Amino acid sequence: MIEILVVLAILGLALALIAGYKGPWSGTLDLKGSATELAQQLRLARSEAILRNQPVEFALDLAHHRYRVGDGPARALPAQMAVQMVTIAGERRGLGGAAIRFNPDGSSTGGRISLNAGRRDIAVGVDWLTGRVTVAETR
């Protein structure tokens, strides 16, 4: 009987350790994943602008680490990651936000979103003339 209680206690401890385990934050994986997600959402905004024949905005809220495509829901970015955006003055939204607008002809206001996690940087760029979205490691 004592042996069964000892085994159950060990199994309970093991289960508690496994259930409470949270893997280490991988900055590189989150950085690449976030850059890919942002690029995909920028391409979606461009496609929607062409399809709807009206401008669609990709808005980035730098203060709260989230972004939105058009009237869609806001999506979060990892809080551990530094995010910066360069765009034209007319697309800045106060101190903590900016946007890239895609036009029905596929062009855009252009810009660059820089993501940083530790010693790694990735830039997601949008060409103003063609609306083409690129992802490149900058460091």
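The preceding data block contains the structure.
Residues numbered from 1 in each chain as written. Predicted model: local features only at pLDDT ≥ 70, side-chain atom pairs only at ≥ 80, totals over all residues. Heavy atoms only, no water.

Asks: Got a sec to walk through the pairing of strand E2 (residues 66-69)? Specific residues and values, please.
Replies: Residues Tyr 67 and Val 69 line the buried face of E2, whereas the alternating positions Arg 66 and Arg 68 sit on a face that is not buried. Where strand E1 (residues 56-61) and E2 come together, four bridges link them in antiparallel fashion. Looking at E2, one finds that Phe 58 is bridged to Val 69. Hairpin connection of E1 to E2: four residues between the antiparallel strands, including His 65 at a positive phi of 50°. Pairing analysis gives two bridges linking E2 to strand E3 (residues 75-76), with the strands arranged antiparallel. Paired with Arg 66 across the bridge in E3 is Ala 76. Connecting E2 to the next strand, E3, in antiparallel fashion are five residues, including Gly 70 with a positive phi near 55°. (Buried < 20%, exposed > 50% of the residue type's maximum accessible area, 1.4 Å probe, protein only. Helix = DSSP H or I, 4+ residues; strand = E, 2+ residues; numbered from the N terminus. Pairing = 2+ DSSP bridges.)

Asks: Go over the pattern of salt bridges with me, naming the residues and quoting the values.
Replies: A complete count under the given rule lists four salt bridges for this structure. Two residues, Arg 66 and Asp 61, come together in a salt bridge whose shortest N-O distance is 3.4 Å. Take Arg 66: its relative accessible area is 38%, and that puts it in the partly exposed class. Here Glu 137 makes a salt bridge to Arg 120, at a shortest N to O gap of 2.6 Å. Within this pair, whereas Glu 137 is found in strand E8 (residues 133-137), its partner Arg 120 is found in strand E7 (residues 120-126), the two being separated by 17 residues in sequence. (Salt bridge = Lys/Arg side-chain N within 4 Å of Asp/Glu carboxyl O.)

Asks: Tell me about the sheet that holds E7, residues and numbers included.
Replies: Whenever strands of a sheet pair, they do so through backbone hydrogen bonds, lying parallel or antiparallel. Strand order across the open sheet formed by four strands is E4-E6-E7-E8, with antiparallel pairing between neighbours. Two strands close off the open sheet at either side, each with one partner strand: strand E4 (82-87) and E8. For this sheet, the mean angle separating the axes of adjacent strands, direction not counted, is 15°. (Axes fitted to C-alpha atoms, helices over the stretch in contact; angles between N-to-C directions.)

Asks: Got a sec to walk through the sheet that holds E1? Specific residues and values, please.
Replies: The antiparallel open sheet is built from four strands, whose spatial order is E3-E2-E1-E5. What marks the edges here is a single partner per strand, and that holds for E3 and strand E5 (97-102). Note: E1 against E5, six bridges, orientation antiparallel. The partner of Asp 61 across the bridge, within E5, is Gly 97.

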